[in-house]
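# Results of the structural survey
For reference, the chains in residue letters:
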Amino acid sequence: MLSQGVLVLNKNWMAVHVCSVRRAISLVCQDMARVVASDYQIHDFDSWRMLSQHIEIHGNQYIHTPKFRILVPEVILLTGFNRMPPRAVKFNRRNIYMRDHYTCQYCGVRPDKESLTIDHVVPRSRGGRSTWENVVLACQSCNSKKGSHLHEEVGMHLAHTPKRPHWMSTLRNTLKGPDRPIWQKFVDVAYWNVALEEE
Ligand SMILES: [Zn+2]
């Protein structure tokens, strides 16, 4: 439960992160963040701890310590001007599949997840490394056609130049999972703002 997600808002109430419950509570304890309650009231650690003793919300989760219990926050608001740097998107299989939308980057087919492979654009046999810029999803047929060649050598084309995904795209994917109505309001706003900043 301590690793469950908490949405992090910056000073302007824009979603910038999802962090663990442990990290969220530690930020609130250090006075670097406040808890945003479901009624959008904000609480520092003491007021949140008080609230956690006295209210009984059905279905809510608590962390119990020997002396008190504390409600698991869903959203926190950073208090400082120093913005939390966007976390780097982890280089892993799941995020590669998400970045490439489960689609073969050579021919555009979208087969079963099991039929997709991770292709090294510059093959490993030629010194290609496992980096965001050098791996793409490929269907089995494109993968075997390409073999240990460069795609140009066998007349294949890449739909997009592979690059590191923006952290916001993985944040949005994270948020598709659990049903968190309170998150959605902040994330939609953040999504549009970030899209504009990137233009
Ligand atoms: Zn293909």
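Residues numbered from 1 in each chain as written. Predicted model: local features only at pLDDT ≥ 70, side-chain atom pairs only at ≥ 80, totals over all residues.

Turning our eyes to something else, we now look at the overall build of the protein. Of the regular secondary structure elements, the protein holds six helices and nine strands. Per-residue burial over the protein gives 24% buried out of 199 residues. In the protein, 57% of the contacts between residues at least 6 apart in sequence involve partners at least 24 apart. (Helix = DSSP H or I, 4+ residues; strand = E, 2+ residues; numbered from the N terminus. Buried ≥ 20, exposed ≤ 12 C-beta atoms within 10 Å, placed from the backbone. Contact = placed C-beta atoms within 7 Å.)

Let's shift gears to helix 1 (residues 21–29). Of all the residues in helix 1, the buried ones are Val21, Ala24, Ile25, Leu27 and Val28. Burial along helix 1 is one-sided: seen end-on, the buried residues are contained in an arc of 160°. Positive backbone phi, at 65°, marks Asp31, one or two positions downstream of helix 1. (Arc of directions from axis to C-beta.)

So, on to the environment of Lys146. Within the secondary structure, Lys146 is located in helix 4 (residues 140–146). Along the backbone, Lys146 and Val121 are 25 residues apart, and their C-alpha atoms lie at a distance of 9.3 Å. Ignoring anything within four residues of it in the chain, the contact list for Lys146 reads Asp119, Ala138, His151, Val154 and Met156.

Detailed reading of the predicted coordinates is not advisable wherever pLDDT is low. Of the residues in the protein, 76% reach a pLDDT of 70 or more, and the chain-wide mean stands at 82. Ranking the elements of the protein by mean pLDDT puts helix 6 (residues 181–198) last with 57 and strand 9 (residues 135–139) first with 97. Low pLDDT, under 50, characterises residues 194–199; the predicted model gives this stretch one contact beyond four residues in sequence or across chains. (pLDDT = per-residue confidence, 0-100.)

With four of five residues buried, strand 1 (residues 5–9) lies mostly within the body of the structure. Hairpin connection, strand 1 to strand 2 (residues 15–20): the antiparallel pair is bridged by five residues, and Trp13 has positive phi, about 65°. Relative to strand 7 (residues 75–78), strand 1 runs parallel, the two sharing three bridges. Residue pairing for strand 7: Leu9 is matched across the bridge by Leu77. (Pairing = 2+ DSSP bridges.)

As a further point, take the nonpolar core. For soluble globular proteins, nonpolar side chains are generally found buried alongside one another. Membership of the largest hydrophobic core comes to 22 residues, with the highest contact counts inside it found for Val6, Leu7, Val8, Leu9, Ala24, Val75 and Ile76. Of all the secondary-structure elements, those providing two or more residues to this core are strand 1, strand 2, helix 1, strand 3 (33–36), strand 7 and helix 6. In terms of residue count, helix 1 provides more of this core than any other element does, five residues in total. In this structure, Ile76 is in contact with Val6, Val8, Leu9, Ala24, Leu27, Val28, Ala33, Arg34, Val35 and Val36, ignoring residues within four places of it in sequence. Grouped together as the second largest cluster of nonpolar side chains are nine residues, Tyr106, Leu116, Val135 and Val136 included. (Core = buried A, V, L, I, M, F, W, Y, C linked by C-beta atoms within 7 Å.)

Let us look at the sheet that holds strand 3. With mixed pairing, the five strands of this open sheet are ordered in space as 2-1-7-3-4. On the outer flanks of this sheet lie strand 2 and strand 4 (42–43), each paired with one strand and no other. Pairing of strand 3 with strand 4 involves two bridges; the strand directions are antiparallel. Bridging from a neighbouring strand, Val35 pairs with His43 of strand 4.

Glancing now at the environment of Ile182. Mapped onto the fold, Ile182 is located in helix 6. Setting aside its immediate chain neighbours within four residues, Ile182 contacts Ser38, Glu74 and Val75.

This paragraph deals with the pairing of strand 2. Across the six residues of strand 2, five count as buried, placing the element largely inside the fold. Bridging between strand 1 and strand 2 involves five bridges; their strand directions are antiparallel. Each bridged residue has a counterpart across the sheet, and for Val8 the counterpart in strand 2 is His17.

Before going further, it helps to examine unusual backbone geometry. Phi is positive for His101, close to 55°, though the residue is something other than glycine. Secondary-structure assignment places His101 in the loop between helix 3 (93–99) and strand 8 (116–120). For His101, a count of 11 C-beta atoms within 10 Å translates into the label exposed. Positive phi is not limited to glycine here, since Tyr102 has a value of about 55°. Tracing the sequence through the fold places Tyr102 in the loop between helix 3 and strand 8.

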